[in-house]
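Structural overview
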Amino acid sequence: MEIIIQPTVEAASTIAAQMVARLLREKPDAVLGLATGSTPLLLYHELVQMKLDWSRVTAFNLDEYVGLAPDHPASYHRFMWENLFNRVNILESNVHIPDGLTEDIPGFCLRYEQQILAAGGIDLQLLGIGTDGHIGFNEPTSSLASRTRIKTLTQQTRAHNARFFGGETAVPHHVITMGTGTIMEARQVLLMAFGPDKARALAEAVEGPITSMNPASILQLHPVAKIVLDEPAASRLRKADYYRWVYDNKPDWQKL
Ligand code: F6R
């Protein structure tokens, strides 16, 4: 894992945007795995400002709430179109987001996995992390080999996401999410975490044991996992000084 600690969300988002931009310049037909939520908002804003060519990019989103129509204000369809897809030149036919209204969830999930494979697999998977260590919506005790499927949200996650719904009671109980096994097949992963609320889950994921009690900890087994943090999210890392030293002393050829 490469741990990159930055003073602010802005600085961290700029680094993440540079990583995505580099991939899109080197591989114009890249396949991106995308996340929603508060964490990637500035990253998407920066990517829009960069005016990159998205005409050959394919995107697969991690997850969607079961029961929400694409135009629901809190749906991840709406989030992605408003914050990124409507603002870059991606083709609608290259956008893939789980269908929260599908009447055949297992069939849909199987096809989603097949579509990822048919696209050649995901080159770069963006991730946030839940306060309980979830990635995608793989909540604690999710199988670390899981594939795209339905999951039940924890109360902790429903409470955290209540801000998008105007209250906790309106937050759906179920989601469709890529599995941790699906995420681990991406060629690179880039996890971002900001704010003190993420510090504990993040420290356990990076420095604790690999356990389904913290699904993000599976990323310790990923060969190319980059973790971009602001200082508050990094505040519980025991080896933070070492990560800073490593980043500040990277050989030139390894720098962005
Ligand atoms: C969103 C997703 C989730 C979020 C996580 C953090 O597509 O898969 O894992 O990344 O819940 O959410 P925020 O960024 O809102 O704190």
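Up top is the structure these notes are about.
Figured I'd write up the structure that's included with this text. (Residues numbered from 1 in each chain as written. Predicted model: local features only at pLDDT ≥ 70, side-chain atom pairs only at ≥ 80, totals over all residues. Heavy atoms only, no water.)

**A few points about a nonpolar patch on the surface**
A surface patch of nonpolar side chains, about 360 Å² in accessible area, is lined by Tyr242, Trp245 and Val246. Within the element layout of this structure, Val246 appears in helix α9 (residues 240-248). (Patch = residues over 30% accessible without salt bridge, like charges linked within 9 Å, V, L, I, M, F, W, Y side chains within 5 Å. Areas by Shrake-Rupley, 256 points an atom, 1.4 Å probe, with all protein chains shown as cover. Salt bridge = Lys/Arg side-chain N within 4 Å of Asp/Glu carboxyl O. Helix = DSSP H or I, 4+ residues; strand = E, 2+ residues; numbered from the N terminus.)

**Here's the deal with the layout of surface pockets**
Over the atoms, a rolled probe matching the size of one water molecule traces out where space is still vacant. Put simply, the largest pocket is a space of about 430 Å³. Lining the largest pocket are 28 residues, with Thr36, Gly37, Thr39, Ile129 and Lys198 positioned closest to its centre. Residue composition of the lining of the largest pocket, grouped by class: 13 nonpolar, 11 polar and 4 charged. Around the second largest pocket sit 16 residues that line it, and Met19, Arg22, Lys226, Gln254 and Leu256 are the ones nearest its centre. Every element with two or more residues in the lining of the second largest pocket is listed here: β1 (2-6) and α1 (9-26). No other element matches the 5 residues that α1 contributes to the lining of the second largest pocket. Residue composition of the lining of the second largest pocket, by class: 8 nonpolar, 2 polar and 6 charged. (1 Å grid on protein atoms, 1.4 Å probe; cavity = no way out; pocket = protein on both sides within 12 Å on 5 of 7 lines; lining within 4 Å. Points joined across faces, edges and corners; volume = space filled by probe spheres on them. Nonpolar A, V, L, I, M, F, W, Y, C, P; charged D, E, K, R; others polar.)

**With respect to the side chain of Ser75**
In this structure, Ser75 sits in the loop between β4 (63-65) and α3 (76-83). Here Ser75 is in contact with Glu64, Leu68, Ala69 and Pro70, once residues within four sequence places are set aside. (Contact = heavy atoms within 4.5 Å.)

**Remarks on the site of the ligand**
Neighbouring the ligand are 14 residues; Thr39, Asp63, His134, Gly136 and Lys198 lie closest to it. At 2.5 Å, a side-chain N or O of Thr39 approaches an oxygen atom of the ligand. Taking Lys198, its side chain carries an N or O atom lying 2.7 Å from an oxygen atom of the ligand. Protein chains shield 98% of the accessible area of the ligand, which is 410 Å² for the free molecule. Put simply, the ligand lies in the largest pocket. Among the residues forming the shell around the ligand, the class breakdown is 3 nonpolar, 8 polar and 3 charged. (Near = heavy atom within 4 Å. Polar contact = N/O pair within 3.5 Å; in protein donor to acceptor, adjacent residues only side chain to side chain. Sits in = over half its atoms within 2 Å of the grid points.)

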